[in-house]
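Single-letter residue listing:
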Amino acid sequence: MTRKTFFIIVGIVLWVLSVVLAGFIAAQVIQNKIPDVGGLIEDVRRVKTKGIDADTDAISFLRERAEGLVLPIMSDSVNDQAKSKQVGMAVALTSDGWTLVAKDVFLRFGSRIHLIPRPVTSSPLLKTVSDAETEFVFAKFDADELKVVSFGNADLEIGERIFVQTADGMFARRIAVADFRKNEKPFESSDDFERLWKLDLPIEDGLGAAVLSADGSLIGVMADEDVARPIEQFTSALGGVFKEGSARRPELGIRATNTIRVETANEGVSDGLIVRGVSAGLPAAKAGINVGDVILRIGNEPALIRSLAEFVARAKAGDELIFTVRRFNISTQTYTEETISVTL
């Protein structure tokens, strides 16, 4: 055997040994890692299944609870009244026929619409009250014993689960944006309704559908395919709708910006709303709230827990709201905290 041949054989043997050794090491690593990966996959599978089961159980419960809450709206054909088609949906507010219906339905079909509370009956439209603040009208149909559920106030956060009931089915969704505003403004008004919820996924033809919490309370209405409006923005107008035929709501009369961090009376710090404008003749001005005041609390709650408009929407005319404000005293050149009672 020549020297050259010997070195070639030794090189081949060493190469084979290195391949075998590398394969052995890799096998040990994989053997150690696979159980962890398998466990992780099983954990993910279990979590996903649990979530699906939870939604399925909730939808089953809510479907039974909310059956009949959202009703199809039909429109007669202009040329043939015997032919009707579904053109929208109504959310029942009262058992005697008051509902919420999207304005778009009335703009397109007018008084030709009617409600189908049961498969074999038809309830004609009696009257409507337009709501200048929202995309809806309050519509009274000639119906009784409509299915209704309790109203709920919801300070929803990103990721929270909600359920949308249409005339055809129920869908589980999550809150993607808890404080969504179509039109950003440099200040916040106590008397407008800019705040909406944006959902993680749209619902085709979802305008006018009901938004429910997990306990079956009505907490909102779909204002678009992926945007919902909190129900308290409507309930504050119900008194005027029923008694006066007008969707008037209590007014406060404050424009403010947030946030400003200030020291409080107990030497802590708090975020608040700084008042930028007060409307003459409205409750805030009458009660003595001034431009430059910093609103720290409304009642026992932080002022920033929800929008000013929602504090007002959850009240009714004649209710009292207690404001804690931080105010600069010109005579003493110091800041003080004051409690101001405002009657809406």
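Residues numbered from 1 in each chain as written. Predicted model: local features only at pLDDT ≥ 70, side-chain atom pairs only at ≥ 80, totals over all residues. Heavy atoms only, no water.

**Q** Give me the pattern of salt bridges: which residues, what numbers.
**A** Inspection of the entire model under this criterion finds 15 salt bridges. Here K198 ties to D226 by a salt bridge, and the two come within 2.8 Å at their closest N and O atoms. Highlighted residues: K198 in strand β10 (residues 195–199) and D226 in the loop between β12 (218–222) and β13 (227–230), separated in sequence by 28 residues. For D226, a relative accessible area of 21% puts it in the partly exposed group. Between R327 and D293 there is a salt bridge, with the nearest N and O atoms lying 2.6 Å from each other. Of this pair, R327 sits in strand β18 (residues 320–329) while D293 is found in the loop between α5 (283–287) and β16 (294–298), placing the two residues 34 residues apart along the sequence. Among the charged side chains, a network of salt bridges with common partners joins D155, E232, E301, R306 and R314. (Salt bridge = Lys/Arg side-chain N within 4 Å of Asp/Glu carboxyl O. Helix = DSSP H or I, 4+ residues; strand = E, 2+ residues; numbered from the N terminus. Buried < 20%, exposed > 50% of the residue type's maximum accessible area, 1.4 Å probe, protein only.)

**Q** I'd like to hear about the packing of aromatic side chains, residue by residue, with values.
**A** What the rule picks out here adds up to four aromatic pairs. Ring geometry for W98 versus F242: centroids 5.8 Å apart, planes at 50°, classification tilted. On the criterion of sequence distance, the pair formed by W98 in strand β3 (residues 98–102) and F242 in helix α4 (residues 238–244) is long-range, its members being 144 residues apart. A residue is classified by how much of its surface remains accessible, and W98, at 6% relative accessible area, is buried. Grouping aromatic residues by their ring pairs yields a cluster made of F136, F138 and F234. For K198, the ring lying beneath its charged end belongs to F180, and the centroid distance is 5.0 Å. Lying over the aromatic face of F311, R306 brings its terminal NZ or CZ to 4.9 Å of the ring centre. (Phe/Tyr/Trp six-rings, centres within 6.5 Å; stacked < 30°, edge-to-face > 60°. Lys NZ or Arg CZ within 6 Å of the ring centre and 35° of its normal.)

**Q** Please provide a residue-by-residue account of the sheet that holds strand β4 (residues 113–115), values included.
**A** Pairing within the closed barrel is antiparallel, and its six strands lie in the order β1-β2-β3-β6-β5-β4. The mean angle between the axes of side-by-side strands here comes to 45°, regardless of whether they run parallel or antiparallel. Pairing between β4 and strand β5 (residues 123–130): two bridges, direction antiparallel. Within the sheet, the bridge partner assigned to L115 lies in β5 and is S123. (Pairing = 2+ DSSP bridges. Axes fitted to C-alpha atoms, helices over the stretch in contact; angles between N-to-C directions.)

**Q** Hey, could you go over the environment of L321 for me, with residue numbers and the actual values?
**A** The topology assignment puts L321 in strand β18. Residue classification places L321 among the buried residues on the basis of a relative accessible area of 11%. The spacing of L321 and S341 is 20 residues in sequence and 5.9 Å in space, taken between C-alpha atoms.

**Q** I'd like to hear about the pairing of strand β6 (residues 136–141), residue by residue, with values.
**A** With respect to burial, β6 is a largely interior element, six of its six residues being buried. Here β6 shows two buried faces, one formed by F136, F138 and K140 and the other by V137, A139 and F141. Note that β3 and β6 share five bridges and pair antiparallel. Note on β6: the bridge partner recorded for T99 is A139.

**Q** Give a detailed account of the sheet that holds strand β11 (residues 210–212), specifying residues and quantitative values.
**A** Strand pairing within a sheet occurs via backbone hydrogen bonds; the two strands may be parallel or antiparallel. One closed barrel holds the six strands; their spatial order is β7-β8-β10-β13-β12-β11, and the pairing between them is antiparallel. Direction aside, neighbouring strands of the sheet carry axes that sit 45° apart on average. Pairing of β11 with β12 involves three bridges; the strand directions are antiparallel. Bridging from a neighbouring strand, L212 pairs with L218 of β12.

**Q** Describe in detail the nonpolar core, supporting the description with residues and values.
**A** Grouped together as the largest cluster of nonpolar side chains are 60 residues, with contacts concentrated most on L69, V101 and F138. If sequence neighbours within four positions are ignored, V101 has contacts with I73, M89, A90, F106, F136, V137, A139 and F141. With 20 residues, the next largest nonpolar core counts A256, I298, F323 and I340 among its residues. (Core = buried A, V, L, I, M, F, W, Y, C linked by side-chain atoms within 4.5 Å. Contact = heavy atoms within 4.5 Å.)

**Q** Account for unusual backbone geometry, with residues named and values stated.
**A** Phi at E145 is positive, roughly 60°, even though this residue is not glycine. Of note, E145 is situated in the loop between β6 and β7 (161–165). Within the chain, D205 stands out as a residue other than glycine whose phi angle is a positive 55°. As for its position among the elements, D205 is in the loop between β10 and β11.

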